[in-house]
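# Analysis of the macromolecular model
Each chain, letter by letter, is given below.
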Amino acid sequence: MIAPHHQPQPERALTPAPEPVLQHDALDYAPRPKSIALARNRAACLAADWGHPELADDTCLLVSELATNALVRGAVPGRLFRVRLSLTRAVLQIAVTDARGERLPHTGEPTPNATSGRGLLLVRALCLRWGVHVLDVGKTVWCELDVTRGGRLGMNKGPKTISWAPLRR
């Protein structure tokens with residue numbers, strides 16, 4: 001009798017196991033300017049409470065930028081936006097979900113006199129990586145701070161990733 005031939009499944013062999021999440025928080029906000037301040041202050045406090053006070057300022061700035069984009073470019077009347085923070089041993093992930101999946105973010109080169117258009121440039125400069133997940137309804141813009149380096153990396157021009165994924169309920 002010949003033993004059956006079992007081939008390894010490359011997806012399992014080549015894909016590293018995801019980092020276990022040590023801390024997690026998610027909160028929905030009304031699409032109004034006051035929500036930006038509430039979200040950034042909560043996020044900064046969480047970073048400090050989770051043992052990373054050195055990340056609080058960057059977390060505050062990043063949540064402010066991503067939440068402002070959700071409010072200005074992703075708001076739909078009557079729909080909330082969500083701010084989610086997840087901490088692993090390696091990264092603090094910040095994610096903001098809004099209802100407008102057809103309006104994807106992009107980095108541009110604002111003119112010197114422009115009063116807006118620099119938010120994602122800041123995100124790109126401060127983060128290990130960032131990207132967008134397009135959902136069935138809406139999108140999530142996320143970024144990650146490197147916990148092992150205290151967050152700030154300098155002018156990181158790392159890849160921006162966009163992925164399409166079905167909404168999981």
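You'll find the structure just up there.
So, here is what we can say about the structure in this document. Please read these numbers as outputs of a predicted model, since none were measured by experiment.

About the criteria used
Residues numbered from 1 in each chain as written. Predicted model: local features only at pLDDT ≥ 70, side-chain atom pairs only at ≥ 80, totals over all residues. Heavy atoms only, no water. Buried < 20%, exposed > 50% of the residue type's maximum accessible area, 1.4 Å probe, protein only. Helix = DSSP H or I, 4+ residues; strand = E, 2+ residues; numbered from the N terminus. Pairing = 2+ DSSP bridges. Axes fitted to C-alpha atoms, helices over the stretch in contact; angles between N-to-C directions. Parallel < 35°, antiparallel > 145°, perpendicular 65-115°, else oblique. Left-handed = near helix turned anticlockwise from the far one by under 90°. Contact = heavy atoms within 4.5 Å. Nonpolar A, V, L, I, M, F, W, Y, C, P; charged D, E, K, R; others polar. Phe/Tyr/Trp six-rings, centres within 6.5 Å; stacked < 30°, edge-to-face > 60°.

### Considerations on the pairing of strand E2 (residues 81–87)
Among the seven residues that make up E2, five are buried, leaving the element largely enclosed by the rest of the structure. Inspection of the sheet shows strand E1 (residues 23–29) paired to E2 by seven bridges, in the antiparallel sense. Its bridge partner being in E2, Leu27 is matched across the sheet by Val83. Summarising the sheet, E2 and strand E3 (residues 91–98) pair through six bridges and their orientation is antiparallel. Within the sheet, the bridge partner assigned to Arg84 lies in E3 and is Ala95. Where E2 folds back on E3, the antiparallel hairpin that results is connected by three residues.

### Some details on the packing of helix H2 (residues 33–49) against helix H3 (residues 56–73)
Relative to each other, H2 and H3 sit at 150 degrees, their axes nearing to 8 Å. With respect to H3, the element H2 is oriented roughly antiparallel. Once H2 is placed against H3, the crossing between them reads as right-handed. On the side of H2, the interface is formed by Pro33, Ile36, Ala39, Arg40, Ala43, Ala44 and Ala47, while H3 contributes Ala56, Thr59, Cys60, Val63, Ser64, Ala67, Thr68 and Leu71. For the contact of H2 with H3, the per-class residue count stands at eleven nonpolar, three polar and one charged.

### Let's talk about the packing of aromatic side chains
Taken as a whole, this structure holds one aromatic pair when the rule is applied. Taking the centre distance of 5.7 Å and the plane angle of 25 degrees together, the rings of Tyr29 and Phe81 count as stacked. Of this pair, Tyr29 sits in strand E1 while Phe81 sits in strand E2, and the two are 52 residues apart along the sequence. Here Tyr29 falls in the buried class, since its relative accessible area comes to 7%. With relative accessibility at 3%, the residue Phe81 sits in the buried group.

Structural measurements only, silent on function.
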